[in-house]
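Below are the chains, spelled out letter by letter.
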Amino acid sequence: MHAHNAGQVGRLSCGLWNIRRFYKPLELREVIGNVTIDQVRAKVRCEKCGRKDSMRAELFHPVGQELETIRFRRLVEIRWERRVVWRDE
């Protein structure tokens, strides 16, 4: 929550695929909870390779031109799926 108030941006990246995504801390808090950035890194996976160990997470203050070129990944909705699991006896 403090990161959002300070104007910071969350950057999550995969070391294997070199994919970078930028998030607003307030939206990350909605999905993951009010946790530290190290705990965020432990809870996310890469969309391409599915690995957790190659992920990096950091907070930073974007400045000037960098702020204009950042494309944020925005939260649209959270869906909860109800799945039925059967077992034969």
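Everything below is about the structure printed above this text.
Residues numbered from 1 in each chain as written. Predicted model: local features only at pLDDT ≥ 70, side-chain atom pairs only at ≥ 80, totals over all residues. Heavy atoms only, no water.

Chemist: Honestly, the pairing of strand β2 (residues 19-23) in this entry has me stumped. Any pointers?
Modeler: Where strand β1 (residues 9-14) meets β2, five bridges bridge the pair, whose relative direction is antiparallel. Residue pairing across strands places serine 13 opposite arginine 20, the latter belonging to β2. In this structure, the hairpin formed by β1 and β2 is closed by a connection of four residues, where asparagine 18 is found at a positive phi of approximately 55 degrees. (Pairing = 2+ DSSP bridges. Helix = DSSP H or I, 4+ residues; strand = E, 2+ residues; numbered from the N terminus.)

Chemist: Would you take a moment to explain the pattern of salt bridges for this structure?
Modeler: In this structure the tally under the stated criterion is eight salt bridges. The shortest N-O distance in the salt bridge between glutamate 47 and arginine 73 comes to 2.5 Å. Residue glutamate 47 is found in the loop between α3 (37-43) and β3 (55-60), and its partner arginine 73 is found in the segment after α4 (64-69); the two are separated by 26 residues along the sequence. Assessed through its relative accessible area of 31%, arginine 73 is described here as partly exposed. Where glutamate 81 meets arginine 83, a salt bridge forms, and the shortest distance between an N and an O atom there is 3.2 Å. A single burial state applies to glutamate 81 and to arginine 83, both of which are exposed. One network of salt bridges, in which partners are shared, links Arg21, Glu47 and Arg73. (Salt bridge = Lys/Arg side-chain N within 4 Å of Asp/Glu carboxyl O. Buried < 20%, exposed > 50% of the residue type's maximum accessible area, 1.4 Å probe, protein only.)

By themselves these figures say nothing about function.
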